[in-house]
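One-letter residues, chain by chain:
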Amino acid sequence: MFKVTKYPHGTFSWAELASRESEKSKQFLTGLLGWSYVDFPVGERMVYTMYSLDGQYVAAGFQMDDERFPPGVPSFWNNYVTVGDVDAMAPRITELGGTVMSGPFDVADNGRMLVLKDPTGANLSLWQPGSHIGAGLVNCPGAMSWNELATPDSEAAQAFYGALLGWEYAQEGPPGYMLIRNRGRNNGGILQMTDEWKMPDGNFMPAHWSVYFSVADIDAAVGKVTELGGEAMYETMEAPDTGRFHIIREPAGAIFTIIQLDEPEPWIE
């Protein structure tokens, strides 16, 4: 009921960890989420790690290098959205006030992609699948279950992604939180940053997309975070009618969220 064989246009489909210390990240993620992994060589001195659960790929990761990622750029998660024609997206991104950061380009026969920066400053990857559709499981424990944008200008972000990807929105949850709907399916959220998100210089933190992975028992999972070398940030919080979640930092510094869903939504194709 959680297995995926295809993603509709505009749907989040993959998450990928760019890590400053990939070996530490591997040990943490496999220990926390029950993943297995395989390293695939992709060019000189680089491997691409594919994480799997129950025989299905669920996420990926790689070691950051100084050539593509200057020192000082912290570990982070890339979030991917499936599209039907990535090349057609490129000029539209520019027209709508965004920036094409890289691509479009082929990733062997796996698919074709580009990386964009939206008008509020957040990066997002678009994926046109070839042999690789993205995550083969969603919403069950150990699988991706949500993707969320934190931005200082929610209205601008909504307008951009609505025009680019056809997303619709509904006000749900706390004030300033917009639920993303894509072709009748819940597809993530957009959170308006408040003054709590401001840095000491008075500016907001950079806009960014984050990823949630489901766990069976949030309390047990949070307890393992420190044991595995990560950091459990803040306190466990509750999303009404959704579940309990906790923001964590893995040993290489990338931040993401784990969530125990009240009623995991099955995938229907």
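This structure is a prediction, so every number in the text was calculated from the model and none was measured. (Residues numbered from 1 in each chain as written. Predicted model: local features only at pLDDT ≥ 70, side-chain atom pairs only at ≥ 80, totals over all residues. Heavy atoms only, no water.)

## A word on the side chain of His246
- Here His246 lies in strand β16 (residues 243-249).
- A residue is classified by how much of its surface remains accessible, and His246, at 3% relative accessible area, is buried.
- Within the structure, His246 has its side chain in polar contact with the backbone oxygen of Met233 (distance 2.8 Å).
- Residues within four places of His246 in sequence aside, it is in contact with Ile218, Val222, Ala232, Met233, Tyr234, Glu235, Thr236, Phe256, Thr257 and Ile258. (Helix = DSSP H or I, 4+ residues; strand = E, 2+ residues; numbered from the N terminus. Buried < 20%, exposed > 50% of the residue type's maximum accessible area, 1.4 Å probe, protein only. Polar contact = N/O pair within 3.5 Å; in protein donor to acceptor, adjacent residues only side chain to side chain. Contact = heavy atoms within 4.5 Å.)

## Some thoughts on the pattern of salt bridges
- For the coordinates displayed, the defined rule picks out nine salt bridges.
- The shortest N-O distance in the salt bridge between Asp87 and Arg112 comes to 2.8 Å. With a gap of 25 residues between them, Asp87 in helix α2 (residues 86-95) and Arg112 in strand β7 (residues 111-117) connect regions that are remote in the sequence.
- For Arg112, a relative accessible area of 22% puts it in the partly exposed group.
- Put simply, Arg92 and Glu95 hold a salt bridge, and the shortest N to O gap is 3.2 Å. One end of the pair is Arg92 and the other is Glu95, both in helix α2 and three residues apart, which spans about a single turn.
- Taking the relative accessible area as the measure of exposure, Arg92 reaches 32% and is therefore partly exposed. (Salt bridge = Lys/Arg side-chain N within 4 Å of Asp/Glu carboxyl O.)

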